[in-house]
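Architecture at a glance
So you can see what is in the structure, the chains are spelled out below.
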Amino acid sequence: MTTERSAEAPVVRMHGIDKWYGAYHALRDIDLAVAAGERIVVCGPSGSGKSTLVRTVNLLEPFQRGHLRVCGIDVEADAITRAARLAVNRRVGMVFQQFNLFPHMSALHNCTVGPVWGAGVPRREAHERAMHYLARVGLHDLAGRYPAQLSGGQQQRVAIARALCTRPQVVLFDEPTASLDPEMVGEVLQVMESLAAEGMTMMIVTHEMGFARRIADRVVFMDQGQVIEIARPADFFEHPQSARLRTFLGQVLAH
């Protein structure tokens, strides 16, 4: 599915990013650019820094060194302000592993609260957007249900609709199928594949290697907080360059 990208400025540009949790060096000198419409899959062993990487893009995780440019907004390590976070969050959608839906709100209300309170969208327009995107993920008829009344797969599809309701320039997915029963994984991946086919800019942390092979423009392999290898899917899976990636693929593809 790899396509040629335009020469316009990247939607996401990470340069020399370092992050620590106390003495633990979680991200090490990260350099990565994501073009408009590009689908980047990030994989690696547990604790490799994958989730921290994508959570740094929308400033959920601050970083201590380096420079981030996301959706035209420049952020320096020593100047991560509340205003910068708000500006980035209006442009970057996020889908979490644990859904993170408000349990006391219906699916519809979960999808309208961000546009109304975060971006000042009029309520009627926010309602129309929410119904549009709930229909887009196949849940138009369940808009009035609360999270407890939905399956895990349905909750994650509501979470995807919620992310889309802010009309983001890029959507981040942090292991979106990790909390789902196996029979529910396919319904979420199908929605994500359809978004990829429409040209959505996406950064996806996942262990679903078949999915990565089908939809990624590039696959990023991380280990110990570092980007070890970046390649197109055919080269990534068939011709890994590093011993660490060969070992990782041998483990995950054997199951």
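Figured I'd write up the structure that's included with this text.

The subject of this paragraph is the sheet that holds strand β2 (residues 24–34). Within a sheet, each strand pairs with its neighbour through backbone hydrogen bonds, oriented either parallel or antiparallel. Taken in spatial order, the four strands line up as β2-β1-β4-β5 in an open sheet, and their pairing is antiparallel. Since the sheet does not close on itself, it has two edges, and those belong to β2 and β5 (73–76), each with one partner. Adjacent strand axes in the sheet meet at a mean angle of 20 degrees, parallel and antiparallel pairs treated alike. Taken strand by strand, helix α1 (residues 50–57) contacts β1 (12–21), β2 and β4 (65–70), and its axis lies near 120 degrees from that of β1.

With that settled, the discussion passes to the layout of surface pockets. By volume, the largest pocket is sized at about 660 Å³. Asn89, Val92, Gly114, Arg162 and Thr166 are the residues nearest the centre of the largest pocket, which is lined by 22 residues in total. With eight residues, the top contributor of residues to the lining of the largest pocket is helix α3 (residues 107–119). Taken together, the residues of the lining of the largest pocket break down into twelve nonpolar, eight polar and two charged.

The next point concerns the pattern of salt bridges. Within this structure, the stated rule accounts for 14 salt bridges. Residue Arg65 pairs with Asp18 through a salt bridge whose shortest N-O separation is 3.5 Å. Here the residue Arg65 occupies a position in strand β4, and Asp18 occupies one in strand β1, the gap between them amounting to 47 residues. Under the relative-accessibility criterion, Arg65 is labelled partly exposed at 46%. For Glu61, the salt bridge goes to Arg55, with nearest N and O atoms at 3.7 Å. Here Glu61 falls in the buried class, since its relative accessible area comes to 15%. On the basis of relative accessible area, Arg55 is assigned to the partly exposed category, the value being 23%. Put simply, Lys19, Arg55 and Glu61 are held in one network by salt bridges that share partners.

Moving on, we come to unusual backbone geometry. Backbone geometry at Arg167 places phi at a positive 55 degrees, although glycine is not the residue there. By the secondary structure assignment, Arg167 is in the loop between α5 (152–164) and β7 (170–174). For Arg167, a relative accessible area of 47% corresponds to the partly exposed category. You will see that Glu175, though not glycine, has its phi angle at about 50 degrees, which is positive. Tracing the backbone through its elements, the reader meets Glu175 in the loop between β7 and α6 (182–197).

Our next topic: the pairing of strand β9 (residues 218–223). Of all six residues in β9, five are buried; the element is thus mostly enclosed. Bridge count between strand β3 (residues 39–43) and β9: four bridges; the pairing is parallel. Bridged to Ile40 within β9 is Arg218. Note that β9 and strand β10 (residues 226–231) share five bridges and pair antiparallel. Note on β10: the bridge partner recorded for Asp223 is Gln226.

What follows covers the nonpolar core. The biggest cluster of nonpolar side chains holds 51 residues, and the ones touching the most others in it are Leu134, Ile160, Phe173, Met192 and Phe236. It is α6 that provides the largest number of residues to this core, a total of eight residues. Listed in part, the 34 residues of the second largest apolar core include Met14, Leu59, Leu68 and Val75.

The rules behind the values
- Residue indices follow the written sequence of each chain, beginning from 1 at its first position.
- Only residues with pLDDT of 70 or above have their local features reported here, since the model is predicted, and side-chain atom pairs are shown and tallied only from 80 upward, although totals for entire chains, interfaces and linings are computed over all residues.
- To get the side-chain values, all heavy atoms of the structure are used, and hydrogens and water are removed first.
- Any two strands are treated as partners once DSSP identifies two or more bridges connecting them.
- Secondary structure is summarised from DSSP: a helix means a run of H or I of at least four residues, a strand means a run of E of at least two, and numbering begins at the N terminus for each.
- Each axis is a line fitted through C-alpha atoms, and for a helix only the stretch in contact is used; angles between axes span 0 to 180 degrees, taken between their N-to-C directions.
- What makes two residues a contact is simply this: any of their non-hydrogen atoms within 4.5 Å.
- The distinction between a cavity and a pocket rests on a 1 Å grid over the protein atoms alone: a 1.4 Å probe fits inside a cavity but cannot get out, while a pocket stays open yet meets protein on both sides within 12 Å along at least five of seven lines, and a residue with an atom within 4 Å of a point counts as lining.
- Grid points are joined across faces, edges and corners, and a volume is the space filled by probe spheres set on the points.
- Gly is put with the polar residues, along with every residue not named as nonpolar or charged; the nonpolar set is Ala, Val, Leu, Ile, Met, Phe, Trp, Tyr, Cys and Pro, and the charged set is Asp, Glu, Lys and Arg.
- Salt bridge, as applied in this entry: a Lys or Arg side-chain nitrogen positioned within 4 Å of an Asp or Glu carboxyl oxygen.
- In this scheme, a residue with accessible area under 20% of its type's maximum is buried, one over 50% is exposed, and one in between is partly exposed, where area comes from a 1.4 Å probe on protein chains only.
- By nonpolar core we mean a set of buried residues, namely Ala, Val, Leu, Ile, Met, Phe, Trp, Tyr and Cys, connected to one another through side-chain atoms within 4.5 Å.

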